[in-house]
Structure formats: structure tokens, C-alpha cells
Amino acid sequence: MTDDRKPMIECRGVHKHYGDYHALRGIDLTIRAGEFFSLLGPSGCGKTTLLRTIAGFEDISEGAILIDEKRMDEVPANKRPTNMVFQSYAIFPHLTVAQNVAFGLRRDPRGKAEKSALVDETLALVGLRGFGNRAAHALSGGQRQRVALARALILKPKVLLLDEPLSALDRKMREQMQVELIKLQRQVGITFVLVTHDQEEALVMSDRIAVMFEGEIAQLDGPEALYARPANRRVADFIGVMNFLPARIVAEQGGGATVEVPGLGMVDLPARQISRANPDDGGPTIGFRPETMTLLGAGATHSQPRETNATIDEVVYYGDMTYYDLRLDGAAAMDGKARPVRISMRNVFGRDVQEVGTRTRLAWSPGSLVLFR
Amino acid sequence: MAKGGLDAQARQGYALIAPPFLYAALVLAAPLLTILAYSFLTDGYLEVVREFTWANYVQVWTDPIVRTVMLRSLMVSALVTLVTVALAFPVAYYVSFLVRPQKKATWLFLITIPFWTSYLIRVFLWKVILGYNGVVNSSLTGLGIIDEPLTFILYNVNSIVITLAHAYAPFAILPIFVALEKIDRSLLEAGRDLGESRAMTFWRVTLPLAMPGVLAAVLIVFIPTIGDYVTPELIGGGKIPMIANLIQVQMLALDNRPLGSALAVTTMAIVAVVSIVFLLINRRFLKVRS
Ligand SMILES: Nc1ncnc2c1ncn2[C@@H]1O[C@H](COP(=O)(O)OP(=O)(O)OP(=O)(O)O)[C@@H](O)[C@H]1O
Ligand SMILES: [Mg+2]
């Protein structure tokens, strides 16, 4: 869907060594013009490092980075068509808000009045109209973040790099800023590269997401594909909640497979539901998301192809949702290990929360399963 | 109730500061007040007459010798301050930005080494180094670079400036170092990111943020050097007195305490004015900071 746009950032076999620590291990990726791209991964996986090599703050040990189809090997940070929103915002404490925003305009040939109008316009764009004369330290976290954004956007960079820009904000503010950032990105049409370790944030905001572990990209996909078809157990575990059950492969035909899963029985899976990317995960495993199965009330009917009996071990009530930990009948049959699975149900009107210890039925479809092998 | 608690706390606070406060009052305020009182009394050769007069101040502000010495003192300490701070900045910058964090403590330790010997001995050493037959001159003549020993390096203002600049270097390096250490390194990256070269980032970000440290260094060097007594006496050979030497002469040699006191008070007032100007400048730099 985005493939017709021209590439804005290309990383080709990028390696980065810090002394004997191998921080980036062969990063290959293409980010297209106008895309909202996220780098997602746990702490220490190299997201910031990758962003900083794109910005030009770190030299790469091997490989090449191209921005707008030009090699960046010899281009210093101040000459790259990128601007960064730092995690700490890096607002200049000795300057006012307006001076901060105008910092990068020094060599702009436009006149003073024109520049000041541009500053006002950019401040308005990020919702800080009238804040120009404020001292930088007299700002809240969210306001600082907007100043950092305005300061970068005013230069109309080809790429805006954002290093966990929302992590310092409280939850409400963060959700609000997420929406504002998406709107802003659509408005200005600049390529955004966002670093985050918050999977929800990445899913909400991005066109595409690269999931990184230990200096490598584990999967690069759109949010839906990433959520529904994680490439391996690790990605599945990192993004949202996924239940895992051991599987035995009974037969294989044309890329698809028939597997036996304790508790779920025999299932036929087509090739697109099979991820083969992680060989060292310890045997074939079936994964499914908590919301893909439905807990049935007594006597309830359903239109799903399959039904399984289970016992409720635990109930966690969240207001809008209820999480159930279940023991599937026959789940321990394979090797005697109990394998609780977690199911989430939306508390819609008329649906009762079930109690611990209840024998219950679970409706599901093989279409929601993923096989990791 | 809360008030009672506060009172107890306040009483405890006063009890805690009482000893140093009394000490300070005794050794600082009392002599200062004595000097201030003396400066308004009449000199009656070898004794002080308890009669109020402005005469000492009139003499201080009109005497051409006092003016010359006062201007020289100001000039020398301004020069010393300039040289010291200008040389201290690169050192502080190097230690803060280029030395690896684990090694910074060692560097600071090395910078304080000059303090291990007494001030007097260091001044004498400079005399040995800069003297007519001193280290500099004998090396240079020995190497055949010069025929005659250089005379402009001892017993003049240059040698006083060199000696004082060396003596006060650590006092200038440390506050500048602290100011540089406090600068968030991501600000410098932000400067580069917004299109400025390293040099312009230094000029637009590092220097303004280091300014409070620089101004502190200026004050720390300027205030004591203007009243320095030993260096002009030894290095200057007594031929180029500064204001402290003049005060000493009046107080002890000529036994004119009222005039000496008036000189001292006047010097203090001038230093205070200069310091306040600098503090006001510093306020401007601090104004928009957190
Ligand atoms: N200057 C450096 N010298 C040595 N090692 C470094 C340096 N910078 C980063 N590293 C190491 O490289 C790895 C990746 O660091 P990076 O900052 O990219 O992580 P990250 O994915 O951004 O993590 P976080 O989410 O915690 O910010 C870490 O293990 C870190 O210790
Ligand atoms: Mg990081």
C-alpha cells in the first residue's frame, strides 16, 4: 500500500560496535516518504542507537545509510535533512520559547518579521499560541515536548526523528499527544520515525513498525499484520498478550499443516497462519490472542466452528473488560503440565461476569491461531 | 501546635549557627567595624585622636599617588582576571568535555596540586624562574636565543600578572568546570541537529550556559588579586606597589592608621561596586534559566 512512495531512509547492512559491544547487527530497512514509522523494542535493543546513526550523531561501523537517496557517510549531523525530538526534549534553558523555536533559522535568508511570523505560526500548529515570550523552564512536560516539536518542524525537515517523545508524560497526556502527533504528521506530510518501547503507542500511531531485539530487526510489518501474524514467539510475546500451547505436527501439505494441540484437538492451518522465523523456540507452538476466543454463558449459542470445555481458575475484572484464566480440558494430556490460557471478554450489557471454578465452554475458530515452528 | 514545633525548630537552628556566627562576628565583623571607625578618626602622629573627620577620605580621593596605585591595582587585577579566566576556560572545557568520566577526578586532583605548596613558596619559585639569572633567562641565553637576559619579566607588572594568574588558576578552572558539567549534553546535539556547526553550537549554547561559571571565576579571581600584598612585594621588588602595599605602609611604617583605614574602606567599596556590577550581569544570564 505504501510501496509506490519513494524511499526516504534506507539502511543497508548497518552495524554498530561500541568497543566490543555489538549494538546494531545488520539492520536492513527502507522507510518511505511520508510514512509514520516506528522502531519498537525492549530497553537496550538499539532503537536509540539506530535513530542516532540516522541523525548522524553516531558513526556506523559497517554498512550504509541513505537519506533521500543520498549516502550519508560523510554528511555531519548539522547537514542532514533530519531533525530530532530528543527524549529529554533538550530545550535550551537560556532562551525563551520563541528563541528556542527560531534557533535553527539563523541562516535562513528571510527577514526578521517573516521569521517571527513563522515562529508564531509554528507555535500555533503545536498548540502553543501566545507562549513565545515564556522562559523555557516555565513550561510543563507536555509544553516542552511541543516546543521541541515546533523547533524541529519549523525547519521543514524531510525526516523527523522522535526518541520516545511521550515517555515523560502521564497517561492521559500521552494518549492526547499520540492523536495530535498523528494529525500533525498527516498535516505536514513529513516522514516520522518514532522510537518507543510502548507497543500500544506503536500500534496506535504507525503505518509500519520494526520490532527490534538485541540489535536486529525481528519483524517489519504494519500494525495489524504484526498483531495478528507475529513472526515468532518473541514478537508475539512483546506485542500484546498471546497464549501459547505446545503443538504436534501430524501432517504437512503444500505449506499448510495439520497439528494436534492439547485442549484444542486437531486443527488444519493454511500456510499464512504459520510462522517459520524462529527455529530455536523449542518445538512447534500454537499461539492465539485472548480476545479471539469467546467464553460462553450457560446455554448460549454461537456461530464459531469449534467449541472447547474449560474450567475458570481466575477472574480479573477491569471495568470494561474481564480477564479469565482458564484450564482447557485435556490441555495437560500431552505431558502433564497445566497450561492456563487467558481469555478476555468485553463486559457488554447483558453479559454476566462468570465466577471462579465455573465449568464453561469456549467458542473459537482455527483462523485465529498462529503456528510457530 | 504547628507554631510551637516551628519555634523549637527555629531555636535549634539558631543554636546550631550560633558558634560559627559568633566566630564570624568576632574575626570578621569586629575588625571591619574597627577599620570603619578608625577611618573617620584623626591621626595624631603615633596615636589616634578620637575626633571625627572626613580628612582621611579627602586625602585618599585627591592624592595622585593613591590614584596611581589604585588604578594600577585595578589594572593588574583586571589583567590577571582576564589572563586567568581566558586560560582556565580551555582547561575546564577539556576536562569537562574531552576527558573520560572515570578520569575526571584525577584531572581535578592534578589541577589542585599547586595548592600543595604555600603561596609564598610558589611566589619565590616564580622569582627564581623569571629572575635576571633565573631559569628562563639562563636557558634562553644558554640556547643562544637571546644575548642579554630579558628584563621585562621580573620586577614589573608582567611578572606580577604571570605569578598571580598561576596562583589563581584553580580558582578559575573549578567554577567554570562545574558550569560546563551542568550542561545537558543533548543540548549540544540539539544545536548540531538544528543545523549549527560545532563552533556555532559552542557560541550559541555552550558559552551562554557556561557564563555563570565564567562570571563566578571572574569574581573569585578579581576580588582577592586586587588586594594582593605578597606578589607585588616580592615579584615586583617593592618598586611597583599595589593598593595593599600602600595600606601596609600607612598602617605600619608610617603609623597612620586612620589614613590606612580610609584606604582600605575605599578599596573595599570599589571592589564591592565592581562585584555588584558583575552580579547584575550574572543575574541577566541566570534570568531565563531554571
Ligand atoms: N556510547 C555507548 N557506549 C557503549 N555502549 C553503548 C553506548 N550507547 C549505547 N550503548 C549500548 O548499546 C545498547 C543499545 O542502546 P540504545 O540506547 O540504543 O538502547 P534503546 O533501545 O534505545 O533502549 P531504551 O529503550 O532503554 O532507550 C545498550 O546495551 C547500551 O548499553
Ligand atoms: Mg533509547
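Cut-offs applied
- Residues numbered from 1 in each chain as written.
- Chains lettered and ligands numbered in written order.
- Predicted model: local features only at pLDDT ≥ 70, side-chain atom pairs only at ≥ 80, totals over all residues.
- Heavy atoms only, no water.
- Phe/Tyr/Trp six-rings, centres within 6.5 Å; stacked < 30°, edge-to-face > 60°.
- Helix = DSSP H or I, 4+ residues; strand = E, 2+ residues; numbered from the N terminus.
- Lys NZ or Arg CZ within 6 Å of the ring centre and 35° of its normal.
- Core = buried A, V, L, I, M, F, W, Y, C linked by side-chain atoms within 4.5 Å.
- Buried < 20%, exposed > 50% of the residue type's maximum accessible area, 1.4 Å probe, protein only.
- Contact = heavy atoms within 4.5 Å.
- 1 Å grid on protein atoms, 1.4 Å probe; cavity = no way out; pocket = protein on both sides within 12 Å on 5 of 7 lines; lining within 4 Å.
- Points joined across faces, edges and corners; volume = space filled by probe spheres on them.
- Nonpolar A, V, L, I, M, F, W, Y, C, P; charged D, E, K, R; others polar.
- UniProt positions renumbered as here; feature names shortened; annotations may be inferred.
- Pairing = 2+ DSSP bridges.
- Axes fitted to C-alpha atoms, helices over the stretch in contact; angles between N-to-C directions.
- Polar contact = N/O pair within 3.5 Å; in protein donor to acceptor, adjacent residues only side chain to side chain.

**Points about the packing of aromatic side chains**
Per the stated rule, a full pass over the model turns up 17 aromatic pairs over all chains. Between the aromatic rings of Tyr93(B) and Phe97(B), the centroid separation amounts to 4.5 Å while the plane-to-plane angle is 15°, which identifies the pairing as stacked. With a gap of four residues between them, Tyr93(B) and Phe97(B) both fall in helix α3 (residues 64-98), about one helical turn apart. Feature note: the residues Phe40(B), Phe52(B), Trp54(B) and Tyr57(B) constitute an aromatic cluster, connected by ring pairs. Over the ring of Phe244(A) we find Arg233(A), and its NZ or CZ is 4.1 Å from the ring centre. Above the ring of Phe97(B), the side-chain terminus of Arg185(B) is found at 4.0 Å from the ring centroid.

**Looking at the nonpolar core**
The biggest cluster of nonpolar side chains holds 73 residues, and the ones touching the most others in it are Leu39(A), Leu50(A), Val193(A) and Ile176(B). Of all the elements, helix α7 (residues 157-181) of chain B adds the most residues to this core, at 10 residues. Among all residues touching Leu39(A), those that are not within four sequence positions of it are Leu29(A), Lys47(A), Leu50(A), Leu51(A), Val193(A), Leu194(A), Val195(A), Thr196(A), Ala210(A) and Met212(A). Counting 34 residues, the second-largest nonpolar core is a separate cluster that includes Leu105(A), Ala136(A), Leu149(A) and Met205(A).

**A short note on the layout of surface pockets**
All names here are of chain B. For the largest pocket, the calculated volume is near 590 Å³. Contributions of two or more residues to the lining of the largest pocket are made by α3, α4 (101-111), α8 (185-193) and α9 (198-226). In terms of residues, the lining of the largest pocket owes the most to one element, α8, which gives five residues. Class assignment for the residues of the lining of the largest pocket results in 11 nonpolar, five polar and 11 charged.

**Description of the UniProt feature "transmembrane region" (unreviewed entry) in chain B**
All names here are of chain B. The UniProt entry lists residues 21-41, 74-95, 107-132, 152-180, 201-223 and 259-281 under the feature "transmembrane region" (unreviewed entry), expressed in the numbering used here. Across residues 201-223 one finds 100% helix and 0% strand; the C-alpha atoms that close the span lie 32 Å apart. As a span, residues 259-281 carries 100% helix and 0% strand, and end to end its C-alpha atoms are 33 Å apart.

**Digging into the sheet that holds strand β13 (residues 256-261) of chain A**
All names here are of chain A. In space, the three strands of this open sheet follow the order β12-β13-β14, with antiparallel pairing throughout. Pairing within the sheet leaves two strands with one partner each, and these edge strands are β12 (248-253) and β14 (265-269). For this sheet the average axis-to-axis angle between neighbouring strands, irrespective of direction, equals 20°. Bridge analysis of β13 against β14 gives five bridges, and the strand direction is antiparallel. Bridging across to β14, Glu260 finds its partner in Met266.

**Here we look at unusual backbone geometry**
Residues and elements named next belong to chain A. A positive phi angle, near 55°, is found at Asp68, a position not held by glycine. Locating Asp68 in the fold gives a position in the loop between β4 (62-67) and β5 (70-71). The phi dihedral of Ala90 falls on the positive side, at around 50°, and the residue is not glycine. The topology assignment puts Ala90 in the loop between β6 (82-85) and α2 (97-101). Classification of Ala90 as buried rests on a relative accessible area of 2%.

**Considering the UniProt feature "domain: ABC transporter" (unreviewed entry) in chain A**
The residues that UniProt annotates with the feature "domain: ABC transporter" (unreviewed entry) are residues 9-239 of chain A. Taken end to end, residues 9-239 of chain A is 34% helix and 27% strand, and its first and last C-alpha atoms sit 25 Å apart.

**A look at the side chain of Ser368(A)**
Residue and element names in this part refer to chain A. Considering the arrangement of structural elements, one finds Ser368 in the loop between β21 (359-364) and β22 (370-372). A relative accessible area of 18% places Ser368 in the buried class. A polar side-chain atom of Ser368 sits 3.0 Å from the main-chain carbonyl oxygen of Ser365. Not counting the four nearest positions on each side in its chain, Ser368 is found in contact with Gln273, Gly287, Phe288 and Thr292.

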